[in-house]
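Okay, here's what each chain looks like letter by letter:
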Amino acid sequence: MTTLKNIFGGNLQQYTMVLALVLLAVTFNVISGGRMLTPSNLQNLISGNAYVLILAIGMVMVIVVGHIDLSVGSVAGFVGMVTAITTTQYGWPWWVGLLAGLLTGVVIGAWHGFWLAKIGIPGFITTLAGMMIFRGLVIWVSRSISVPVPSEFSVLGAGYLPEWGPAFTGMNNSTLLLGLLAAAWFVWTEIGRRRDATDLPVWITAVRIVLVLAVIGYLTFLFGTGRPGTSFPVPGLILVGLVIAYHVLTQRTPFGRHIYAVGGNKAAAALSGVNTGRVYFLVMLNMSFLAAVAGILFVGRATAAGPSDGTMWELDAIAAVFIGGAAVSGGIGTVTGSMIGGLVMAVLNNGLMLMGVGQDQTQVIKGLVLLAAVAFDVLNKQQGRPSLLGHLMRSAGRDAGPAPAATAPAATASAAATDAAVTSVPVSAGPVDAADTLPPRSS
């Protein structure tokens, strides 16, 4: 067990959903007769679920600060319709319509952020009203009729990386280059990590590099050897760029630390000088901006904007975030975890479709998976029991010591988020005496 902990970074719990994702993909591939892990199916899986995964990026930030956004599907549908109408009916250039759609998303996010940050209306109520408003506006402005979009949008929603150079490898060169860049980045980060942890054996780092490079190479081969004219999808490339950008934003910047500080303990964050209203405002603005991006990608893939676009998208995004490990009470959650949760739902949905399971039964199964994942996490955290992986580790090797309680990571993450806020910003409220934090005694 100690060896596995060293290989996987010292905390096997964060890889539980990755293991579940791999097991789901392999199981469905066997049951479907090899139709799951094929180039065309994986390309369609990424293109068809990119918009939900983009919504999950913003949703995890909203949930971390302790709120929830129910309007993202309606906002995405409204932005897609605005983009279609301005380019098709008003004759605007496609790129002007694209900018108009993104600007619409920003304005809507500022609207939601105003009611939450300035007026103090909870995000649930604010975005519930937004869901009603923008769902009605989609139907109103479209007159319940689908509106086509210019062909340029299909590149964003359903395009592939271009081919260039000699095809001596038998793969798409753009996809091959993308895989090589991913492999080089991982090796570089592992070398940097080893410089910071000199006591780690060399073979541990070597095994970790070999395992990850094997996965990257396999995926590069699958995406790069599809039918002629296909490669890694453009929506997937946009998604990868957003994941990297928001991972850096949430984990490496003061604003990201403020998000976790506000979600972990709003009062402590405010006392440490964090502008909680500003955090709420920007998080809601960012959520609607990403909803606009998702809506534009969807209409590009569908080649038209329809009055029912975006229906129930918010539920898929919320499910991805919670399956990815976010806490219901806020303060805990990561962008990468939400991506893994979203991919679990996407693979589950795709695998059931390949097996011929109907949409009604698929929804039932997805709902049960979400309920089981969140309920198991909540119950174990409340009762201080180890997670499922902790039970497996305990039974597999007693010599590794008792499995940590499930409350420890949550408490550590919450405390780290609060401490990050305290240490990353100057204390503008002045020193706080211990007596000031106690309620007044009744006379």
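Nothing here was measured: the structure is a model prediction, and the numbers come from that model.

Conventions we followed
Residues numbered from 1 in each chain as written. Predicted model: local features only at pLDDT ≥ 70, side-chain atom pairs only at ≥ 80, totals over all residues. Heavy atoms only, no water. Helix = DSSP H or I, 4+ residues; strand = E, 2+ residues; numbered from the N terminus. Buried < 20%, exposed > 50% of the residue type's maximum accessible area, 1.4 Å probe, protein only. Contact = heavy atoms within 4.5 Å. Areas by Shrake-Rupley, 256 points an atom, 1.4 Å probe, with all protein chains shown as cover. Expected span 1.5 Å × (residues − 1). Phe/Tyr/Trp six-rings, centres within 6.5 Å; stacked < 30°, edge-to-face > 60°. pLDDT = per-residue confidence, 0-100. Patch = residues over 30% accessible without salt bridge, like charges linked within 9 Å, V, L, I, M, F, W, Y side chains within 5 Å. Salt bridge = Lys/Arg side-chain N within 4 Å of Asp/Glu carboxyl O. Polar contact = N/O pair within 3.5 Å; in protein donor to acceptor, adjacent residues only side chain to side chain.

## Structural notes on the overall build of the chain
Okay, step 1: When helices and strands are tallied, the chain shows 18 helices and 2 strands.
Okay, step 2: Here the chain, with 443 residues, has 43% of them falling under the buried criterion.
Okay, step 3: For the chain, contacts bridging at least 24 residues in sequence account for 76% of all contacts bridging at least 6.
Okay, step 4: Entry remark: accessible area of the chain is about 21,600 Å², with carbon and sulfur atoms responsible for 69%.

## Things to note about helix α9 (residues 202-224)
Okay, step 1: With 23 residues, α9 extends 32 Å between its outermost C-alpha atoms, agreeing within 8% with the 33 Å of an ideal straight helix rising 1.5 Å per residue.
Okay, step 2: Listing the buried residues of α9 in full gives I204, T205, R208, I209, I216, T220, L222, F223 and G224.

## Observations concerning the environment of V96
Okay, step 1: Relative to the assigned elements, V96 resides in helix α5 (residues 94-119).
Okay, step 2: Residue classification places V96 among the partly exposed positions, given a relative accessible area of 23%.

## Here we look at the packing of aromatic side chains
To describe a pair of aromatic rings, you give the distance between the ring centres and the angle between the ring planes.
Okay, step 1: In this structure the tally under the stated criterion is 9 aromatic pairs.
Okay, step 2: Where Y51 meets W313, the ring centres are 4.3 Å apart and the plane angle is 40°; that geometry is what we call tilted. Placement of Y51 in helix α3 (residues 39-64) and of W313 in helix α14 (residues 313-323) is noted, with a sequence separation of 262 residues between them.
Okay, step 3: For Y51, a relative accessible area of 15% translates into the label buried.
Okay, step 4: Geometrically, the ring pair formed by F298 and W313 is edge-to-face, given 4.8 Å between the ring centres and 70° between the ring planes. Note that F298 is positioned in helix α13 (residues 276-302) and W313 in helix α14, a separation of 15 residues in sequence.
Okay, step 5: Taking the relative accessible area as the measure of exposure, W313 reaches 6% and is therefore buried.

## Some words on the confidence of the model for the chain
Okay, step 1: On average, residues of the chain carry a pLDDT of 83, and 81% of them reach 70 or more.
Okay, step 2: Contacts for the low-pLDDT stretch residues 386-393, under 50 throughout, to residues beyond four places or in other chains number 17 contacts.
Okay, step 3: Every residue in residues 395-443 scores below 50 in pLDDT, and together they form 51 contacts with partners more than four places removed in sequence or on other chains.

## So, a nonpolar patch on the surface
Okay, step 1: There is a patch of nonpolar side chains on the surface, built from V22, V26 and V30 and spanning about 260 Å² of accessible area.
Okay, step 2: On the secondary structure map, V30 appears in helix α2 (residues 16-31).
Okay, step 3: On the basis of relative accessible area, V30 is assigned to the exposed category, the value being 62%.

## Section: the side chain of T230
Okay, step 1: Position of T230 relative to the elements: it lies in the loop between α9 and α10 (234-252).
Okay, step 2: One polar contact links the side chain of T230 to the main-chain carbonyl oxygen of R227, over a distance of 2.6 Å.
Okay, step 3: Filtering out sequence-adjacent residues up to four positions away, T230 remains in contact with Q43, Y160 and N172.

## A short note on the environment of L103
Okay, step 1: Residue position: L103 is located in helix α5.
Okay, step 2: L103 sits 189 residues away from A292 along the chain, and the two C-alpha atoms are 8.5 Å apart.

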